[in-house]
Amino acid sequence: QVQLVESGGGLVQAGGSLRLSCAASGSIFRSNTMAWYRQAPGKQRELVASVTIIGSTNYADFVKGRFTISRDNAKNTVYLQMNSLKPEDTAVYYCNQFVGTKPTPSRYSWGQGTQVTVSS
């Protein structure tokens, strides 16, 4: 059974920082590239960043230089450090194994997500 539990979201002013965490079940975490996705109201779910099992990372252009993804394989946990936040970063953030850049949510199991709201 896939279990994904995201945490760490909240309300922050523009320019601020948040650190998101995602605890994943071993079955989904151990051998997969993990990723953070986000979905803003009325918009498609989109890839934010991904990290391979050996720590290689990839970022969407809109977060490069501001966000950092990492993983702790001993804890089955993936993190997203978000700095220099902008109002347009406001969204619900989800973690999952990498399932493409713009996945169809109904095709996969997801956690509850964590809300990030950035005020201007």
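> Break down the pairing of strand β4 (residues 34–39) for me, with residues and values.
Working note: regular strand, side chains alternate between the two faces of the sheet. Judged by how many residues are buried, β4 sits mostly within the fold: five of six residues are covered. With antiparallel pairing between neighbouring strands as the criterion, β4 and strand β5 (residues 46–51) make up a hairpin whose turn holds six residues, including Gly42 at a positive phi of roughly 75°.

> Quick rundown of the environment of Ala49? Include the residues and the values.
Considering the arrangement of structural elements, one finds Ala49 in strand β5. Distance from Ala49 to Thr68, taken between C-alpha atoms, is 8.0 Å for residues 19 residues apart in sequence. Apart from residues lying up to four places away in sequence, Ala49 is in contact with Met34, Ala35, Trp36, Asn58, Tyr59, Ile69 and Leu80.

> Let's hear about the packing of aromatic side chains: which residues, and what values?
As enumerated under the stated definition, the model contains two aromatic pairs in all. Ring plane angle 90° and centroid distance 5.5 Å describe the contact between Tyr37 and Trp110, whose orientation is recorded as edge-to-face. Linking Tyr37 in strand β4 with Trp110 in the loop between β9 (91–97) and β10 (114–119), this pair joins segments that are 73 residues apart in sequence. Comparing Tyr37 with Trp110 shows no difference in burial state: the two are buried. Between Tyr94 and Trp110, the aromatic rings sit 5.8 Å apart at their centres with planes inclined by 70°, giving edge-to-face as the arrangement. You can see Tyr94 sitting in strand β9 and its partner Trp110 sitting in the loop between β9 and β10, a full 16 residues away along the chain. Neither residue differs from the other here; Tyr94 and Trp110 are each classed as buried. The ring centre of Tyr94 lies 3.8 Å from the NZ or CZ of Arg45, which sits over that ring. The cationic tip of Arg45 hangs over the ring face of Trp110; the distance from NZ or CZ to the ring centre is 4.5 Å.

> Residues and numbers for the sheet that holds β10, please.
Reading across the sheet, the six strands line up as β2-β10-β9-β4-β5-β6 and stay open at both edges, with mixed pairing between neighbours. The open sheet has two edge strands with one neighbour each: β2 (10–13) and β6 (57–59). Strand-to-strand twist in this sheet, taken as the mean axis angle between neighbours without regard to direction, amounts to 25°. Where β5 and β6 come together, three bridges link them in antiparallel fashion. Counterpart to Ala49 in the pairing with β6 is Tyr59.

> I'd like a rundown of the state of the cysteines, residues and numbers included.
A complete count under the given rule lists one disulfide for this structure. Linked covalently through their sulfurs, Cys22 and Cys95 form a disulfide whose S-S length is 1.6 Å. In this pair, Cys22 is assigned in strand β3 (residues 18–24) and Cys95 in strand β9, connecting sequence segments 73 residues apart. Its relative accessible area of 0% is what places Cys22 among the buried residues.

The rules behind the values
- Residues numbered from 1 in each chain as written.
- Predicted model: local features only at pLDDT ≥ 70, side-chain atom pairs only at ≥ 80, totals over all residues.
- Heavy atoms only, no water.
- Buried < 20%, exposed > 50% of the residue type's maximum accessible area, 1.4 Å probe, protein only.
- Helix = DSSP H or I, 4+ residues; strand = E, 2+ residues; numbered from the N terminus.
- Pairing = 2+ DSSP bridges.
- Contact = heavy atoms within 4.5 Å.
- Phe/Tyr/Trp six-rings, centres within 6.5 Å; stacked < 30°, edge-to-face > 60°.
- Lys NZ or Arg CZ within 6 Å of the ring centre and 35° of its normal.
- Axes fitted to C-alpha atoms, helices over the stretch in contact; angles between N-to-C directions.
- Disulfide = S-S within 2.5 Å.

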